[in-house]
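Structural overview for review
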Amino acid sequence: MGQRFAIASDTREWLLTKFARGKANYWFTFVADFSAAMFFLVWEIVSRGIRPAWAGVAFFAGIMAWGLTEYIFHRWVYHQPDGIFGEGHNIHHTEAQELIAMPWFMTTLTMFALWAFCARILNIPYFSSILSGWLAGFVWYSIVHHSHHHWILRNGWIRRLKAYHRVHHQFPGYNFGVTIRYWDVVFGTVYRKPGQAVQGLSGIRQTAKVAHPETAQEAVLADA
Ligand SMILES: [Zn+2]
Ligand SMILES: [Zn+2]
Ligand SMILES: [Zn+2]
């Protein structure tokens, strides 16, 4: 029993300190997840014969569902003090440029297990297409998050998200959204400079009225 635990914790240690911090794992994650997402979509169209247009709608719903998942995972799973997710994300917060990702096969295995059970055994219609969109959302999140720490892009929307994420690295209790800010507004975790009024649900409309929200975020950084 004690021996088994020691082996398990050695493996865990190796996964965390070596495998998850390897370049190969980092880049292969994109390939594996994108391929799996495409497979789930094509599979439902080809072997279940659903109309591509409806598969597209389900795919889009999956992407939207990803946005909320991103928030929930980042806030309540990645920011837990312990556990493989929390420890991994903690490394990211201190070494933001390091190429660290969950071991790729963990995601892929989880996705295929979920797909096999829900789409093939339970035969839930559109599940495979929704899962495809959701996983594509995860890939998109991984690309956007990578760009936040490694690329300089001119696109205004990306630059605002980047400034927004930089604030999260300084104030980890705020700005959990990486590809979308909507859920921070809903849950009230948008970073405000001390003294700034706290906005609730109606904040979406008010924020939209601010001409240059990126300037506001940069001002926050200048202050800090
Ligand atoms: Zn992050
Ligand atoms: Zn980050
Ligand atoms: Zn974080």
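First, a word on what this report is: a plain description of the structure on this page. Treat the numbers as computed from the prediction; the structure is a model and nothing was measured.

Our focus in this paragraph is the layout of surface pockets. The method is simple in principle: a probe with the dimensions of a water molecule rolls over the atoms, and the space it marks as empty is what remains. Quantified by volume, the largest pocket comes out at close to 780 Å³. The wall of the largest pocket is formed by 35 residues, among which Tyr78, Ala101, Met102, Phe138 and Tyr141 lie closest to the centre. Breaking the lining of the largest pocket down by element, the ones donating at least two residues are helix H2 (23–47), helix H3 (52–78), helix H4 (83–94), helix H5 (104–121) and helix H6 (127–150). At eight residues, the largest contribution of residues to the lining of the largest pocket is made by H6. Taken together, the residues of the lining of the largest pocket break down into 20 nonpolar, 13 polar and two charged.

This part is about the coordination of the zinc ion (ligand 3). Around a metal, the ideal angle is 109.5 degrees if four donors adopt a tetrahedral arrangement and 90 or 180 degrees if six donors adopt an octahedral arrangement. Protein coordination of the zinc ion (ligand 3) is provided by His74 (NE2), His79 (NE2), His89 (NE2), His93 (NE2) and His168 (NE2), with donor distances spanning 2.0 to 2.2 Å. Within one chain, the residues donating to the zinc ion (ligand 3) are spaced in sequence as H-x4-H-x9-H-x3-H-x74-H. Here the zinc ion (ligand 3) and the zinc ion (ligand 1) are spaced 4.0 Å apart. Here His93 lies in helix H4 and His79 lies in the loop between H3 and H4, a separation of 14 residues in the sequence. Looking at His79, the relative accessible area reads 26%, which means it is partly exposed.

Right, let's get into the packing of aromatic side chains. How two aromatic rings sit relative to each other is set out by the distance from centre to centre and by the angle between their planes. Overall, the coordinates contain 28 aromatic pairs when judged by the stated rule. When the centroid spacing of 5.8 Å and the interplanar angle of 85° are considered together, the rings of Trp76 and Phe187 count as edge-to-face. A residue pair is termed long-range when its members are at least 10 positions apart, and Trp76 in helix H3 and Phe187 in helix H8 (residues 182–187) qualify at 111 residues. Look at Trp76 and you get partly exposed, because its relative accessible area is 39%. Take Phe187: its relative accessible area is 36%, and that puts it in the partly exposed class. For the cation-ring pair, Arg181 lies above Tyr164, with the distance from its terminal atom to the ring centre recorded as 5.7 Å.

Rules used in this analysis
Residues numbered from 1 in each chain as written. Chains lettered and ligands numbered in written order. Predicted model: local features only at pLDDT ≥ 70, side-chain atom pairs only at ≥ 80, totals over all residues. Heavy atoms only, no water. 1 Å grid on protein atoms, 1.4 Å probe; cavity = no way out; pocket = protein on both sides within 12 Å on 5 of 7 lines; lining within 4 Å. Points joined across faces, edges and corners; volume = space filled by probe spheres on them. Helix = DSSP H or I, 4+ residues; strand = E, 2+ residues; numbered from the N terminus. Nonpolar A, V, L, I, M, F, W, Y, C, P; charged D, E, K, R; others polar. Donors = N, O, S within 2.8 Å, 3.2 Å for Na, K, Ca; no water. Buried < 20%, exposed > 50% of the residue type's maximum accessible area, 1.4 Å probe, protein only. Phe/Tyr/Trp six-rings, centres within 6.5 Å; stacked < 30°, edge-to-face > 60°. Lys NZ or Arg CZ within 6 Å of the ring centre and 35° of its normal.

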